[in-house]
Amino acid sequence: MNDYAWPSASPEDGPALAPVSSTTLREQVTQAVRSALMMGHFKPGQTVTVKSLCSLLHASVMPTREAVNRLIAEGALELRANRTVAVPAVSLQEFNELTQLRCLIEGLAGAQAVQAFRPAHTQALLALERQMADAVACQDIDAYLDANARFHFTIYALGTTAYTRSIIEKLWVRVGPLIRYCLTESGLEASSNLHQTMIDGLARRDPQALRQAIESDILGAAQTIRRSHDLWPSGA
């Protein structure tokens, strides 16, 4: 067997490495759009164009188109018959199934997080909770949703592998576009109280308390979303 012929490069040229800039940019664009879906920055049924994403992200066309194609393959976006790309609508049945899956997987992630908990995590979570409170006071919905997502995934990162977190992310991608429908005054107050219960459960290393708080947060938001007649006027 012949030895592999390594590409040559002079010291002036630098190391002979495969180009990675376009792939890296594609990944960055993909994650940026995925995060925007998770955090509710797009609405169900909203049309998404490569041009608009390029403008929002200051990215070039090629990596943005590749990112859109990847998200279509993942089911995060859908390609319609007229060739437009849109955020998928979610039926009531699918939403109910997603809610049940979130309770199971996110509840498990929270229960496992207590083993890796350290006092410094309390300060990080309290800081995020303060950011949410400030965002509510300023009526900055985007800032609230960003801090809320970081709060939950800070907890999940303590107790799960990257693979499990990727599953949770896929669930959030599907329900994220609906999340603005639960941002009522009472819903925000209930969520804030449950966030404090989650922090307390972590501090006490009480997996059952943390699991229950996470499930209650998910179920409470889901119930508010179901009441929105704009989503499922016929209950279908």
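Residues numbered from 1 in each chain as written. Predicted model: local features only at pLDDT ≥ 70, side-chain atom pairs only at ≥ 80, totals over all residues. Heavy atoms only, no water.

### Brief notes about the overall build of the protein chain
Along the protein chain, the regular secondary structure elements total nine helices and two strands. Going through the 236 residues of the protein chain one by one, you find that 39% of them count as buried. Considering only residue pairs separated by 6 or more positions, the protein chain has 74% of its internal contacts joining residues 24 or more positions apart. A total accessible area of about 13,300 Å² is found for the protein chain, and carbon and sulfur atoms account for 55% of it. (Helix = DSSP H or I, 4+ residues; strand = E, 2+ residues; numbered from the N terminus. Buried < 20%, exposed > 50% of the residue type's maximum accessible area, 1.4 Å probe, protein only. Contact = heavy atoms within 4.5 Å. Areas by Shrake-Rupley, 256 points an atom, 1.4 Å probe, with all protein chains shown as cover.)

### A closer look at the pattern of salt bridges
Tallying each qualifying case throughout the model produces nine salt bridges. For the salt bridge of R80 with E78, the shortest nitrogen-to-oxygen distance reads 3.4 Å. Taking relative accessible area as the criterion, E78 reaches 30% and is therefore assigned partly exposed. A salt bridge links D206 to R204; the nearest nitrogen and oxygen atoms lie 3.5 Å apart. Among the ionic contacts, a cluster of salt bridges with common partners joins R26, E27, R34, R70 and E74. (Salt bridge = Lys/Arg side-chain N within 4 Å of Asp/Glu carboxyl O.)

### What about the nonpolar core?
Counting 61 residues, the largest nonpolar core has I155 and L202 as its most contacted members. For this core, the secondary structure elements donating two or more residues are α1 (21-38), α3 (61-74), α4 (92-113), α5 (119-137), α6 (141-159), α7 (162-175), α8 (185-203) and α9 (207-226). In this structure L202 touches A113, V114, F117, L125, I155, L158 and L210, once residues within four positions along its chain are discounted. (Core = buried A, V, L, I, M, F, W, Y, C linked by side-chain atoms within 4.5 Å.)

### Topic: the packing of aromatic side chains
According to the stated counting rule, one finds two aromatic pairs in the structure shown. Taking the centre distance of 5.1 Å and the plane angle of 70 degrees together, the rings of F153 and W172 count as edge-to-face. On the criterion of sequence distance, the pair formed by F153 in helix α6 and W172 in helix α7 is long-range, its members being 19 residues apart. By relative accessible area, which is 14% here, F153 ends up buried. A residue is classified by how much of its surface remains accessible, and W172, at 7% relative accessible area, is buried. Taken together, the aromatic side chains of F153, Y156 and W172 make up a single cluster linked through ring pairs. (Phe/Tyr/Trp six-rings, centres within 6.5 Å; stacked < 30°, edge-to-face > 60°.)

### A word on the environment of V87
Mapped onto the fold, V87 is located in the loop between β2 (85-86) and α4. Assessed through its relative accessible area of 1%, V87 is described here as buried. Through-space distance from the C-alpha of V87 to that of P177 is 8.0 Å; in sequence the pair is 90 residues apart. Aside from chain neighbours lying at most four places away, what touches V87 is L37, F42, K43, P44, G45, Q46, V48, L77, E78, R80 and P177.

### Considering the confidence of the model for the protein chain
When pLDDT is low, close inspection of the predicted coordinates is not appropriate. Residues of the protein chain with pLDDT of at least 70 account for 88%, and the chain-wide mean is 86. Taken together, the stretch residues 1-22 has pLDDT below 50 and engages in four contacts with residues farther than four places along the chain or on a different chain. (pLDDT = per-residue confidence, 0-100.)

### Here we look at α9
An α-helix turns once per 3.6 residues; consequently, residues spaced three or four apart project the same way. Helix length check: α9 (20 residues) gives 28 Å between terminal C-alpha atoms against 28 Å at 1.5 Å per residue, within 8%. Here the buried face of α9 lies against α4, α6 and α8. The opening residue of α9, the one whose side-chain oxygen lies 3.2 Å from the backbone nitrogen of Q208, is D206. (Expected span 1.5 Å × (residues − 1). Polar contact = N/O pair within 3.5 Å; in protein donor to acceptor, adjacent residues only side chain to side chain.)

### Looking at α6
Here α6 spans 28 Å end to end across 19 residues, near enough to the 27 Å set by a 1.5 Å rise per residue. Listed as buried for α6 are Y144, L145, A147, N148, A149, F151, H152, F153, I155, Y156, L158 and G159. In this structure D140 caps α6, since a side-chain oxygen of it lies 3.4 Å from the backbone nitrogen of D142.

### Some details on the packing of helix α2 (residues 50-57) against α3
The interhelical angle for the contact between α2 and α3, taken along N-to-C directions, is 115 degrees, at an axis separation of 9 Å. As for how α2 packs across α3, the hand of that crossing is right-handed. Contacts from V50, L53 and C54 of α2 reach α3 at V61, T64, R65 and V68. In terms of residue class, the contact of α2 with α3 is built from five nonpolar, one polar and one charged. (Axes fitted to C-alpha atoms, helices over the stretch in contact; angles between N-to-C directions. Left-handed = near helix turned anticlockwise from the far one by under 90°. Nonpolar A, V, L, I, M, F, W, Y, C, P; charged D, E, K, R; others polar.)

### A short note on the environment of V136
Looking at where V136 falls in the secondary structure, it is placed in helix α5. As a C-alpha pair, V136 and L188 span 52 residues in sequence and 8.3 Å in three-dimensional space. In contact with V136, other than residues within four places in its own chain, are Y144 and L188.

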